[in-house]
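Structural description and commentary
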Amino acid sequence: MTQAKTTCPYCGVGCGVTATVEAGTLSAVEGDREHPANFGRLCVKGSALHETLGEQGRLTHPRVDGVDVSWDTALSATVDRLNDLRAEHGNHSVAAYLSGQLLTEDYYVANKLFKGFLGTPHLDTNSRLCMASAVVGYKRAFGADAVPCNYEDLEEAELVVLVGSNLAWNHPVLYQRIKVAKERNPLMRLVVIDPRVTDSCEIADLYLGVKPGSDAYLFNGLLAWMAKRRRLDTLYLERHTEGFDEALEAAQQTAGSVAEVAEACDVDPERLETFYYWFASQLHVVTLYSQGVNQSASGTDKCNAIINCHLAGGKIGLPGAGPFSITGQPNAMGGREVGGLANQLAAHMDYHTPGALDLVSRFWATDSLTPSLPEEPGYKAVELFEAIERGEIKALWVMATNPAISLPDAARVRAALEKCPLVIVSECAAHTDLLPYADIVLPASGWSEKDGTVTNSERRISRQRGMLPPPGEARHDWWIMCEVAKRLGFAEAFDYTHPWEIFDEHARLSGFENNGSTDSPKRLFDISGLVGLGRDGYDALAPIQWPVTKAAPHGTARLFEDGEFATANGRAKLLAIHPQGPEKSLSAAYPLRLNTGRIRDQWHTMTRTARSPRLMNHRAEPFMDVHPDDAHSAGVTDQGLAVLTAAKGEFRARVRVSNAQRRGEIFVPIHWTDCFTQQARSSSLIDSITDPLSGQPESKHGAVALAPLATDWQATLLVADGVTESTPWCTSAYWTRIPMRGCQRWQLAHTQSVNDWLAQLKTWLPGDVSVVSQDPTNGRLRAACVENDQLRWWLMVGPPKELPGLAWLEARFNDATLNDTHRRRLLAGCDDGAADTGPVVCSCHQVGQTTIANAIREGDTTVEALGARLACGTQCGSCIPELKSLIEEERPNVRTKQPLATEVV
């Protein structure tokens, strides 16, 4: 048995993980207690990482035109087809679309190959969908894409403001750090600014349920309020900034009074002014913002409205202070470091950075090549697929992402992919929505196999270590690209044999001629202090925050402490912000505002998280959160099925009626794809509207109509793995697939009645019905098939609310032999007298809602008491807000403990 320290591949927190490997298998994970991002904590997704591994469901062989081939054949086909298209249509007809899931070394090779040697600027990344507005906001204000804060600032702050961030679900470890800090410091306050009441409100001292898209009004109003109340740091403004007068004038014109702002944001004016007073009165303030701010047609301006307030109050460059954009992906920042955005060149240099083209060309030795480096930026993500649709881009290489599901207006993206002459996909999963469009498929390594570095939200570079060999013929992304480069004639520039050599070159470029000049200040991104580590030093590299230089060999925890910024004159810039509402307007046909986002136990398009069955239990089906008034108006009911309609498509899902939603607004998750359900792609409801500065889509502001999905029947079908590859029931009006251990669960519903269910089952599934119970009066039916003493499938016709807890049935699918007792209980779906545990609340320990409610009624009315009895809430802590909600809901039902006869009353 061996243990290795690595980094989690999910969100941008970048938690350290200690992995245990035994007998060639990664058998367990736990938080790395020494990693400064998490100090041993892991969320439920991170703690289930070892459950997502294995060769099943992986791509293991290269494929060309649908046929498995050797690597030699696949590489030759890639090079020949790229060369043919370049010869006929030019270098700019070739493009790449990358991912924040790639390691920095992969990113660096891709950027160097496409921009430096293929001569095309059209290389962008899915980070465009989550971080681009924050990047442009930082660059406009500070002169560089530089997050000034670190995680310790969240614990040292007197006030933390969450804006457009459900931290409790999307970055749970940081949320837990803030929670512990509040417990240690009773004077610390937390404000949540979000259209939805989320689990992050559990520890909030103040909640502002703002109208979607109104953030810039709110922060313009804060700036005007600070000026009116003389709460500005005039000395800081005078010494270290410019543009304040213009910024203040714009704020006063658009948000000059609390009453104006309260009306624009649809919040209570007293609560709004409380927030303004708290922010202005404290020096140590961190504003943590995420997709709710970024994913907007004016996301960049919203970011700068936040930054303006920090600069005006001098709340930056101090412990516990600063505007903090929290990254969505594990290496979105690493990709930006190497130049992985279409508007970047390399090493935090843009195309228009003075001298950058010449510097990079000389460093990469491309100055004598034809083609030379491109001189203008390429197409950003949405623009890139529009160029494919026009026929301008002829070849697209996609790595570690799924644009067929994640980009807005998904049907248009798929149509563009369909007509693209050459689509190359590097991927580790065997089943994604993108693969049907691929001409060449290249099997890539995944987490636990990859070896390299990632950079988290606080600029901390950590090692992601390879512990297992890739399955089959899968290879590392950097190796694949280097082999293609060699066959293209660029062998000398891509002769790397190990990731440390790539990292070393990346570090050297960051420091290359990075001394600053009058017209080009010193670049903040500089890790030249890590040059020359060698393989041993690279393997042993401990987490470290950039810049890392000779002057700062141990890294830099916090930026701008001296008030010097990365602009030409060293001053930060305040921007005049003119707030705008969502560009996608509501109408009589589409009267409801749509909000999209992540949920607690899933990640992106579920290609990894769905491999762990327990992560599917918290929210098993695609859903929509609807306010009770909107549900009543539309005629939909809680746990019923409904359809959202937008100008671009439909979304079918189960309804969750919730007072956490504002009236007139609906929330849907982003995760479900065609691999898991029918018509529940959130991207099909979103238009291709982008921020004109950042190119980031307006994914938080759709316009939809709501209606019930009328069905004749609903059913739950469980099928043992390997029983059948065909799924004829997927012609139903609604279906969703839920992976379980040893079987697949299908939730089905259809508009057409079934007259004979036993006959229907014969057309769907192999094997004869072994046991059946049917009630013709209400259409209810339960049936099961047992072959060779093993459960093969199980069906219940009826609404899901009639289901027993499925843990017992799941266990039966894993029995080598069904015993007689279990056979008799198959139709019931549980042991005689067994209690239904209800929907899973605690994913770590698989504790259900009914079990928790019963414990509360019996007197366990605190989170600590529930944890002591049931273990819920004792591991990652993500379920604690739900536990508290259940305690409040069940408090009227708590049984009064009767005194014993011997007790004195």
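Before any of the text, the structure's been laid out above.
Let me begin by describing the structure that accompanies this report. (Residues numbered from 1 in each chain as written. Predicted model: local features only at pLDDT ≥ 70, side-chain atom pairs only at ≥ 80, totals over all residues. Heavy atoms only, no water.)

1. Some words on the overall build of the chain
The test is simple: Elements are defined by DSSP. Helices are runs of H or I of four residues or more, strands are runs of E of two residues or more, and each kind is numbered from the N terminus. Throughout, the radius of gyration refers to the C-alpha atoms, and the reference size of a globule is 2.2 Å times the residue count to the power 0.38. Under the scheme applied here, a residue whose accessible area is under 20% of the maximum for its type counts as buried, over 50% as exposed, and between as partly exposed, the area being computed with a 1.4 Å probe on protein chains only. The contact definition used throughout considers only heavy atoms, calling two residues in contact when any of these lie within 4.5 Å.
Broken down by element type, the chain carries 29 helices and 36 strands. Taken over C-alpha atoms, the radius of gyration comes to 28 Å for the chain, in line with the 29 Å a tight globule of 905 residues would show. For the chain, the spread of C-alpha atoms along the principal axes amounts to about 85 × 75 × 60 Å. Expressed as a percentage of the 905 residues in the chain, the buried residues total 63%. In the chain, 71% of the contacts between residues at least 6 apart in sequence involve partners at least 24 apart.

2. Some words on the sheet that holds strand 2 (residues 16–22)
Sheet strands pair by backbone hydrogen bonding; their relative direction is either parallel or antiparallel. To be explicit about the condition: Each pair of strands is called paired provided DSSP finds at least two bridges between the two strands. Fitted lines through C-alpha atoms give the axes, limited to the stretch in contact for helices. The angle between two N-to-C directions lies from 0 to 180 degrees.
Strand order in the open sheet formed by 3 strands is 1-2-3, and the pairing between neighbours is antiparallel. Here the strands that pair on one side only, and so sit at the sheet edges, are strand 1 (2–7) and strand 3 (25–31). The sheet shows a mean angle of 30° between the axes of neighbouring strands, direction not considered. Examined bridge by bridge, strand 1 and strand 2 share 6 bridges and lie antiparallel to one another. Residue Q3 lies in a different strand from strand 2, and its bridge partner there is T20.

3. A short note on the packing of helix 16 (residues 356–364) against helix 21 (residues 499–511)
Rule in force here: Should the near helix be turned counterclockwise from the far one by less than a right angle, the crossing is left-handed, whereas a clockwise turn marks it as right-handed. Residues are sorted three ways: Asp, Glu, Lys and Arg are charged, Ala, Val, Leu, Ile, Met, Phe, Trp, Tyr, Cys and Pro are nonpolar, and all the rest, Gly among them, are polar.
The interhelical angle for the contact between helix 16 and helix 21, taken along N-to-C directions, is 145°, at an axis separation of 11 Å. Where helix 16 crosses over helix 21, the handedness of that crossing is right-handed. Within the contact between the two elements, helix 16 uses L359, F363 and W364 and helix 21 uses E505, R508 and L509. A class-by-class count of the residues in the contact of helix 16 with helix 21 yields 4 nonpolar, no polar and 2 charged.

4. A short note on the pattern of salt bridges
Put simply, the test is: Salt bridge criterion: a side-chain nitrogen from Lys or Arg within 4 Å of a carboxyl oxygen from Asp or Glu.
All told, the structure shown has 55 salt bridges when counted by the stated rule. Among the ionic pairs, D433 bridges to R414, the shortest N-O distance being 2.8 Å. In this pair, D433 sits in the loop between strand 17 (422–427) and strand 18 (440–443) while R414 sits in helix 19 (residues 410–419), placing the two residues 19 residues apart along the sequence. Of the two residues, D433 and R414, both sit in the buried class. The partner of R869 in a salt bridge is E858, and the shortest N-O contact between them spans 2.7 Å. One end of the pair, R869, is in helix 28 (residues 863–870); the other, E858, is in the loop between helix 27 (849–857) and helix 28, with 11 residues separating them in the sequence. R869 sits in the partly exposed class, given a relative accessible area of 43%.

5. Quick word on empty space enclosed by the protein
Inclusion rule: A 1.4 Å probe that fits into a set of points on a 1 Å grid over the protein atoms alone but cannot get out defines a cavity; an open set with protein on both sides within 12 Å along at least five of seven lines defines a pocket, and lining residues are those with an atom within 4 Å of a point. Grid points are joined across faces, edges and corners, and a volume is the space filled by probe spheres set on the points.
A full pass over the atoms with the stated rule returns 5 cavities of 30 Å³ or more. Roughly 110 Å³ of internal volume is contained in the largest cavity. Along its surface, the largest cavity is lined by C8, Y10, C11, V13, G14, C15, L42, C43, K45, N170, P172 and V173. Residue composition of the lining of the largest cavity, grouped by class: 9 nonpolar, 2 polar and 1 charged.

6. Describing the packing of aromatic side chains
So the rule is basically this: Think of it this way: a Phe, Tyr or Trp ring, Trp meaning its six-membered ring, pairs with another when their centres are within 6.5 Å, and the plane angle makes it stacked under 30 degrees, edge-to-face over 60, tilted otherwise. Cation placement over rings: the criterion is NZ of Lys or CZ of Arg within 6 Å of the ring centroid and within 35° of the ring normal.
Considering all chains together, one arrives at 26 aromatic pairs under this definition. Aromatic side chains Y97 and F385 sit 5.5 Å apart centroid to centroid with 90° between the ring planes, which places their arrangement in the edge-to-face category. Within this pair, whereas Y97 is found in strand 6 (residues 94–98), its partner F385 is found in helix 17 (residues 381–390), the two being separated by 288 residues in sequence. Residue classification places Y97 among the buried residues on the basis of a relative accessible area of 0%. Their ring planes at 55° and their centres at 5.2 Å tell us that F363 and F512 sit as a pair that is tilted. With a gap of 149 residues between them, F363 in helix 16 and F512 in the loop between helix 21 and helix 22 (534–539) connect regions that are remote in the sequence. Here a set of aromatic residues connected by ring pairs shows up, and it is made of W713, W729, W735, W746, W757 and W764. A cation over a ring is seen here: R475 above W479, with NZ or CZ 5.8 Å from the ring centre. The side chain of R608 reaches across the aromatic face of Y10, ending 5.4 Å from its centre.

7. Some remarks on the sheet that holds strand 33 (residues 780–787)
Taking strand neighbours across the sheet as the criterion, the 6 strands line up as 30-31-29-34-33-32 in an open arrangement whose pairing is antiparallel. Strands at the two margins of the open sheet, each flanked by one partner only, are strand 30 (734–740) and strand 32 (771–775). Ignoring which end each strand starts from, the neighbouring axes of this sheet average 10° apart. Bridging between strand 33 and strand 34 (residues 790–797) involves 7 bridges; their strand directions are antiparallel.

8. Observations concerning the packing of helix 8 (residues 215–228) against helix 14 (residues 299–312)
Heads up, the rule is: In these notes the angle categories are as follows: under 35 degrees is roughly parallel, over 145 is roughly antiparallel, 65 to 115 is roughly perpendicular, and the rest is oblique.
The N-to-C vectors of helix 8 and helix 14 enclose an angle of 20°; their axes lie 8 Å apart at closest approach. Compared by their axis directions, helix 8 and helix 14 come out roughly parallel. As helix 8 packs across helix 14, the resulting crossing turns out to be left-handed. Of the residues in helix 14, those in contact with D215, A216, F219, N220, L222, L223 and M226 of helix 8 are K302, A305, I306, N308, C309 and A312. The residue inventory of the contact of helix 8 with helix 14, partitioned by class, reads 9 nonpolar, 2 polar and 2 charged.

9. With respect to the environment of V786
One can find V786 in strand 33. Put simply, V786 and V769 are 17 residues apart on the chain and 7.7 Å apart in space, counted from C-alpha to C-alpha. Beyond its immediate chain neighbours, meaning those up to four positions away, V786 contacts S770, L791, L818, R823 and L826.

10. Points about unusual backbone geometry
Put simply, W546 and P547 share a cis peptide bond, and its omega is 5°. Summarising the element assignment, P547 is placed in the loop between strand 21 (544–545) and strand 22 (572–573). Phi at D65 takes a positive value of approximately 55°, unusual for a residue other than glycine. Along the chain, D65 falls in the loop between strand 4 (63–64) and strand 5 (67–68).

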